[in-house]
Every structure is written in structure tokens, then in C-alpha cells.
Amino acid sequence: MEPIIITDQDRNFMREAIRLANDSVKRGGGPFGAVIVKDGKIVAGSANRVTIDIDPTAHAEVNTIREACKRLGTFDLSGSVIYTSCEPCPMCLGAIYWAHIDRIYYGNNRKDARAIDFADDFIYEELDRPMEKRTVPIIPMLRDEALESFRLWSEKEDKTEY
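Treat the numbers as computed from the prediction; the structure is a model and nothing was measured.

Secondary-structure assignment places Glu61 in helix α3 (residues 60-72). Notably, Glu61 is buried but unbridged: the nearest opposite-charge side chain belongs to Arg66, and the N-O separation is 11 Å. Discounting residues that sit within four places of it in the chain, Glu61 has contacts with Ala34, Ile82, Thr84, Cys86, Pro88, Cys92 and Ile96.

Here is the structure:
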């Protein structure tokens, strides 16, 4: 893998993500912002809206992915890059991977977030624990019945893979 060179354009995109984070704090939202760039242009940008939208999934990265998908008319953001004011939490990182975003640039890191009481480390720790030792019980049930939808999907000839 060849080394990644951060350009002035990258810095400007990150500054936009940071501006969105700053504006969010001023409007009563969380201190996080993100932009998605494709072909050298910002296609979407958003901030954290958890408290504004009363939605625990309304993180800046997830909001930005949703907006980019709507604008581009696709759930596959291959060829795009995300600039986020803070290292993505596990939920956002998962969403970024599911969206097939090519690269992630971030400003603050997890330790910076923890210093202001946004600690995501417990989720990473939970994922390393066996199911029976996790904080929130995860209880398997009705697997045989649930497998029916997987069977239907496997046999479906006109499905859209994602």
C-alpha cells in the first residue's frame, strides 16, 4: 500500500466537518460533524443530531451517509471518502463499511472523545466478551423459524445484493 498524502483539499474537507461540529454545538447538538466527498466534491454533510432528533442513531457519520445515499440514489458509496471531526464510534464505523466508503479521515480520536465523556470503548470491550458475559443479554431463539427468510433470500433470483 502506498503512503497516503494529505492534501490542502483534504484539510479543507476536514475543516468543513469541523465547522459542522462547531455549529452543531451552538444549536444544541453534539460536537461531531462529517462530510462525504465523491469526485472531489462534497455530496453530503451533517452533524450529530441525537438530542435534536431524539434518535440515538443520529450520529454525524450515519446522517451524512443517509444524505449521500439519497442524493446519489444508491446505497453503495464506493469511490467516496468520509471526513469526520472525530474517530468513528463502532456503530458509525460499521455504517461506513456497509456503505463501502473507500477512506476515512478523522480529526479528534477516541481518547479526545472520552475526555469529554463520549466513551465508546465499552462497546469495543463488549464485542470481545462472550455472549453470556455481555452487559445487555443477547438471547438466541427460534433460529429454525428465522432461517426461513434466509432460505427465501438464497432462492430469490431477482434480489439486489448489498
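Following the structure, the description resumes.
A cluster of nonpolar side chains, Phe75, Trp153 and Tyr162, forms an exposed patch at the surface whose accessible area comes to about 380 Å². Residue Phe75 is classed as partly exposed on the basis of its relative accessible area of 44%.

With that out of the way, let us pick up the environment of Arg129. Structurally, the position occupied by Arg129 is in the loop between α6 (121-128) and α7 (143-155). Those residues in contact with Arg129 that lie beyond four places of it in its chain are Arg134 and Thr135.

What counts, and at which threshold
- Residues numbered from 1 in each chain as written.
- Predicted model: local features only at pLDDT ≥ 70, side-chain atom pairs only at ≥ 80, totals over all residues.
- Heavy atoms only, no water.
- Helix = DSSP H or I, 4+ residues; strand = E, 2+ residues; numbered from the N terminus.
- Buried < 20%, exposed > 50% of the residue type's maximum accessible area, 1.4 Å probe, protein only.
- Lys, Arg positive; Asp, Glu negative; His and termini not counted.
- Salt bridge = Lys/Arg side-chain N within 4 Å of Asp/Glu carboxyl O.
- Contact = heavy atoms within 4.5 Å.
- Patch = residues over 30% accessible without salt bridge, like charges linked within 9 Å, V, L, I, M, F, W, Y side chains within 5 Å.
- Areas by Shrake-Rupley, 256 points an atom, 1.4 Å probe, with all protein chains shown as cover.

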